[in-house]
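Observations on the three-dimensional arrangement
If you want the building blocks of each chain, they are given just below.
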Amino acid sequence: MTTASHPPTATNPYLAGNFAPILEETTAFDLRISGSLPAELDGRLLRIGPNPPGLADPERHHWFIGSGMTHGVRLRDGSAEWYRSRYVIDDEVVRALGRAPLSGPHHGMGGGGANTNVIGIGGRTFAIVEAGSLPVELTDELECIARNDFDGTLPGSFTAHPKVDPDTGDLHAVVYYWEWDYVQYVVVGADARVKHAANIAVPGKPMTHDCAISASQVVVFDLPCTFDLEMAMSGPTLPYRWTPDYGARVGLIPKFGSADEVRWCELDEPCYVYHPMNAVDQADGTVVMEAVVHPSTFADDLRGPNEGGTTFERWTIDPKAGRVRRAVLDDTSQEFPRHHEGLIGKPYRYGYAAQFDSIGPNESLRLGSLLKHDLANGTTERHEVGAGRASNEAVFVPRLGAETEDDGWVLAYVYDGATDTSDIIVVDAQDFTGEPVARVHLPVRVPFGFHGNWVPTARV
Ligand SMILES: [Fe+2]
């Protein structure tokens, strides 16, 4: 069974191939498995991406825009019990598909959807997005329950990239919205209720996609991709573009700190970070952060982040000097950095990322293999997913009782162009270049989309 999709448009690469939305929700049980699925993988592998059911202007369609569709596979006892894909119901899904609207509060002018990440908090599941719309709470089987502002505690909107402190379960997040002259630092407790917020003034309206946390600090990005009112007024697109004269800086705010405690550190050249990997406090007062760095974003390509290769870098954020020092660790173009999430904010050795060849405006991004960085040795291994196949973000799942950092599995959705379907690969992280120990075969394709997480049964 292949997957119905909108007709590909020759001129918008974000509507072609496995970037294209799919038209149906799917439910499938007892999925076929090749190899041997580790029995202790007990939970759900979730992910999400934009999947607009209608397109007002396909030529201008931006990859980041449109109703979300969640995808999930339930693994237990060496079997794959189900695969489900479900729309995240927003105004567009109601309008285009005649679905019943969701209840719950609204924030701002968005259509009430979420398309960028799907997370578990305190035994609940939320689809989340940045820049306006509120989280949408989902059932374990990915049906929408309602929009939710963390039960009335969220002061504004939210982000797709909260960072979980592994010692406390608190989620630290940096939120932005186009009407604000600040970015908002928010802490959500493990009970999914906001427990701290601070408004950090910024000189413009930057797109602040993600943040990082060390043991003591939150890293705040104030980078030169900013809101453009003219674009916003011109129709459905992402109204942010490259503004190199804005400057580029990174702030450090103590966890649970106030806005007047932010220490800003300037970058020598404009650049853009969608995704840091991790950040660690150093004895000399600096914070060292690894991140994927784009030379620019939305300068020439206004439909996606595709303006030349990225670099995997180490940034030394030095609040005494007020500067950020950059060093390239790997010039392989990549994105979607992840690592062992029990080590968020702590010293770590291994990181994972996905091939992400940005070859220029209006060309298709080339996705493909997976990378494993050894930060101690300065080496990178590559897991080839096979000819005609492509992955994107991978998730590391530690083995229960593991005593070494990379004792576990790397799980990723992989698209197979030959069958126009996707599968999940389970790779032994200590045999990263080897064949997957298991593949879970799905009946349909899963569009490349953005982010996801492994939600173990204890948190289901
Ligand atoms: Fe992201």
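Residues numbered from 1 in each chain as written. Predicted model: local features only at pLDDT ≥ 70, side-chain atom pairs only at ≥ 80, totals over all residues.

To continue, consider the overall build of the protein. Helix and strand counts for the protein come out as two helices and 32 strands. What you see for the protein is a C-alpha radius of gyration of 20 Å, in line with the 23 Å of a compact globule of 460 residues. Taken along its principal axes, the extent of the C-alpha atoms in the protein is 55 × 50 × 45 Å. Residue burial in the protein is summarised as follows: out of 460 residues, 52% are buried. Restricting the contact set of the protein to residue pairs at least 6 apart, pairs at least 24 apart contribute 57%. (Helix = DSSP H or I, 4+ residues; strand = E, 2+ residues; numbered from the N terminus. Rg over C-alpha atoms; globule rule 2.2 N^0.38 Å. Buried ≥ 20, exposed ≤ 12 C-beta atoms within 10 Å, placed from the backbone. Contact = placed C-beta atoms within 7 Å.)

Strand order across the open sheet formed by four strands is 6-7-8-9, with antiparallel pairing between neighbours. Edge strands, defined here as strands with exactly one partner in the open sheet, are strand 6 (117–121) and strand 9 (144–147). In this sheet, adjacent strand axes meet at a mean angle of 30° when their direction is disregarded. The pairing of strand 7 (residues 124–128) with strand 8 (residues 136–138) spans three bridges and is antiparallel. Pairing of F126 across the sheet is with E137, part of strand 8. (Pairing = 2+ DSSP bridges. Axes fitted to C-alpha atoms, helices over the stretch in contact; angles between N-to-C directions.)

With that settled, consider the sheet that holds strand 13 (residues 194–201). Pairing between the strands of a sheet comes from backbone hydrogen bonds, and it takes one of two forms, parallel or antiparallel. Here four strands make up an open sheet; going across it, the order is 10-11-12-13 and the pairing antiparallel. Taken across any chain shown, the strands that pair with only one partner, and hence form the sheet edges, are strand 10 (163–164) and strand 13. Strand direction decides the pairing type here: strand 12 (residues 182–188) and strand 13, joined by seven bridges, are antiparallel. Paired with V183 across the bridge in strand 13 is I200.

Assignment of secondary structure puts H340 in the loop between strand 24 (334–339) and strand 25 (350–357). Setting aside its immediate chain neighbours within four residues, H340 contacts Y348, Y350, F396, P398 and E405.

Turning next to the pairing of strand 6. The two faces of the sheet receive side chains in turn, since in a regular strand these alternate between them. In terms of residue burial, strand 6 counts as a mostly covered element, since five of its five residues are buried. The two faces of strand 6 match: N117, I119 and I121 on one face and V118 and G120 on the other face are all buried. In this structure, the hairpin formed by strand 6 and strand 7 is closed by a connection of two residues, where G122 is found at a positive phi of approximately 55°.

Tracing the sequence through the fold places V73 in strand 4 (residues 68–76). Residue V73 is classed as buried on the basis of its C-beta count, with 23 C-beta atoms lying within 10 Å. Residues V73 and V93, spaced 20 residues apart in sequence, show a C-alpha to C-alpha distance of 23 Å. The contact partners of V73, leaving out residues within four places of it in the chain, are R44, L45, A80, Y83, I424 and V440.

Right, let's get into unusual backbone geometry. At F150, a position not held by glycine, the phi torsion is positive, near 50°. Secondary-structure assignment places F150 in the loop between strand 9 and strand 10. Assessed through the 23 C-beta atoms surrounding it within 10 Å, F150 is described here as buried. Of note, F336 is a non-glycine position whose phi angle comes to about 55°, a positive value. You can see F336 is positioned in strand 24. Residue class for F336 comes out buried when judged on the 25 C-beta atoms lying within 10 Å of it.

So, about the pairing of strand 25. A large share of strand 25 lies buried, amounting to seven of its eight residues. One ladder, built from four bridges, connects strand 24 with strand 25; its direction is antiparallel. Directly across from E335, in strand 25, lies its bridge partner A354.

Attention shifts here to the confidence of the model for the protein. In this model, the protein carries an average pLDDT of 93, and 97% of its residues clear a pLDDT of 70 or more. Scored below 50 in pLDDT, residues 1–8 makes 23 contacts in the model with residues more than four places away or belonging to other chains. (pLDDT = per-residue confidence, 0-100.)

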